[in-house]
Amino acid sequence: LLLISTELYCLEITNNGPITTGAQATVQARLRMKNENVTSNLYHFNWVYAPLILIEKSEQRFSSVINVTGEFPGTFPVSVWVTHKNCWLCQPVARNITVLQITEFITGNLTIAQIEDNRVTTHGSSSSMDTVTRISFSLHDPSHYFKLASFVYNWDFGDGVYHITKEPFVYCNCSSKGNRTVHLKAVAEWEQTGSIIHERETMQKTGDFTTALELLDAVKSINIVGSRETHVMENLNLSLHINGTPPLALCWLIKSECIPLEGDKCHLVEISGSCYNLSHTFRDAGQYCLSVRVENGVTMLQTYHGIKVRPAGIHPAFFVLLCTALVTVMLVLVLYTAFRSNSQQKDLVEVADFDFSPLSDEHRSNRSKSGCGPLCCRSCFLQPSKEAAWESHELLHSLYKPVKMYTL
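Note that this is a predicted model, so its numbers are computed, not measured.

Caption draft 1: Examining the pairing of strand β18 (residues 221-225) more closely. Only one face of β18 is covered, namely the face carrying I222 and I224; the face carrying S221, N223 and V225 is uncovered. Sheet topology places β18 next to strand β20 (residues 235-243); five bridges connect them, and they run antiparallel. Within β20, the position partnered with I222 by the bridge is I242.

Caption draft 2: Quick look at the sheet that holds strand β1 (residues 9-15). Spatial ordering of the open sheet is given by β1-β3-β6-β5, a layout of four strands whose pairing is antiparallel. Whereas interior strands pair on both sides, the edge strands pair on one side only; in this sheet they are β1 and β5 (53-59). Sheet twist, expressed as the mean angle between neighbouring strand axes with direction ignored, is 15°. With seven bridges connecting them, β1 and strand β3 (residues 24-33) associate as antiparallel partners. The residue bridging I13 from the neighbouring strand is A29, located in β3.

Caption draft 3: Layout of the confidence of the model for the protein chain. The pLDDT averaged across the protein chain works out to 79; a share of 71% of its residues lies at or above 70. Within the model, pLDDT remains below 50 along residues 1-5, and this stretch shows nine contacts once partners closer than five positions in the same chain are excluded. This model gives residues 347-352 a pLDDT under 50, and the stretch forms eight contacts once residues within four places in sequence are excluded.

Caption draft 4: Representation of unusual backbone geometry in the model. Of the consecutive residues G17 and P18, the connecting peptide bond is found in the cis state with omega at 0°. Its location among the elements puts P18 in the loop between β1 and β2 (19-20). Geometrically, the link from A50 to P51 is a cis peptide bond, its omega value of 10° lying close to zero. Tracing the backbone shows P51 in the loop between β4 (43-48) and β5. Of note in the backbone geometry, H144 takes a positive phi value of approximately 55° without being a glycine. Residue placement: H144 occurs in the loop between β12 (132-139) and β13 (150-156). One non-glycine residue with positive phi stands out, namely M233, at about 60°. On the secondary structure map, M233 appears in the loop between β19 (229-231) and β20. In this structure M233 comes out as exposed when scored by relative accessible area, which is 54%.

Caption draft 5: Region of interest: the sheet that holds β2. One open sheet holds the four strands; their spatial order is β2-β8-β7-β4, and the pairing between them is mixed. A strand with exactly one partner marks an edge of an open sheet, and here the two such strands are β2 and β4. Alignment of strand β7 (residues 74-84) against strand β8 (residues 94-103), held across nine bridges, turns out to be antiparallel. Bridging from a neighbouring strand, S79 pairs with I97 of β8.

Caption draft 6: Representation of the pattern of salt bridges in the model. Scanning the model with the defined rule gives three salt bridges in all. Among the salt bridges present, the one from E12 reaches R32, with a minimum N-O distance of 3.2 Å. Of this pair, E12 sits in strand β1 while R32 sits in strand β3, and the two are 20 residues apart along the sequence. You can call R32 partly exposed: its relative accessible area is 41%. Note that E295 and R293 form a salt bridge whose closest N and O atoms lie 3.8 Å from each other.

Definitions and limits used
- Residues numbered from 1 in each chain as written.
- Predicted model: local features only at pLDDT ≥ 70, side-chain atom pairs only at ≥ 80, totals over all residues.
- Heavy atoms only, no water.
- Buried < 20%, exposed > 50% of the residue type's maximum accessible area, 1.4 Å probe, protein only.
- Helix = DSSP H or I, 4+ residues; strand = E, 2+ residues; numbered from the N terminus.
- Pairing = 2+ DSSP bridges.
- Axes fitted to C-alpha atoms, helices over the stretch in contact; angles between N-to-C directions.
- pLDDT = per-residue confidence, 0-100.
- Contact = heavy atoms within 4.5 Å.
- Salt bridge = Lys/Arg side-chain N within 4 Å of Asp/Glu carboxyl O.

Right, here's the structure in full:
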């Protein structure tokens, strides 16, 4: 026997279910080589699908496809294994299994889209208030089983509002914020020839579908509060204020130019409020731009904030303060110098009052003849000569002579 390890192969198997009873499902298997050195010409795919009914089977070199149908609802396994075509008794090189779901009801799903400015955008189960919301039903019918059927759709918005349409969609202009549940009952009718009496008979199938509709307030504005100038290696703090219903997905990026943000090529954060504080330090001087994108599941908004980064140096506020201090010191020095010069000009000057009239000589002779008084007792006892007595008298005379004071 030829033994081939299953680790060398990879077998993928898929189906396009779920389907309704009577419709056809497609199951596909594809064989892949994990090792490029493994070579083989032909393979055989062995299917196990009972109790489903095989409609068609096709096989190629590395793949195989079968079409099956079921008359009863349920969950049915479909398996396949692959062997070399020229070796029936060899071990399978790979095997795999899938599960096909069959139901007696119509299959499909509901989608919610928002229409704004003639544009249709899909946001899962969320929609924005005060905008037109379209709820659509997508029929899942891969084998075109309902191609001759006519549909009627019964819509229930959960707030007492009902609609019946023949189109698989309905429009809603909801103005109240909150969560609600939308119900749909789809009815399909068509005629087909009976298998027993070969007469035309009316066939009918129904399907019930439910989806949650969350009405949010759109992101209306992004306000960036903070300085547009900073210095190298200086911490810049910015505050982002967002007008919109949280939770919000915020994406920001700082580059040399303003760019629209797409995907996740940015700093992505999720905030539960309406404010976010951003801190950043620049290493190089230049002109930069902060790009911000905010979305909350229903709308998306972008804004930009220019930032100028200056080289490291004296801070402008410190420079202004230093200049103010220097001017103040200079002004104080000028005032002090002026005040001191004025005070020096007002100093007192003593001027002796000399009397050169004849009476002055006569007065001196009389004083000399009268002898010594109490104030000049010492000169009286000495009296070496008249000249000496006169000089002593002159010296003592200045002691009691009045002195006049003048102010300049």
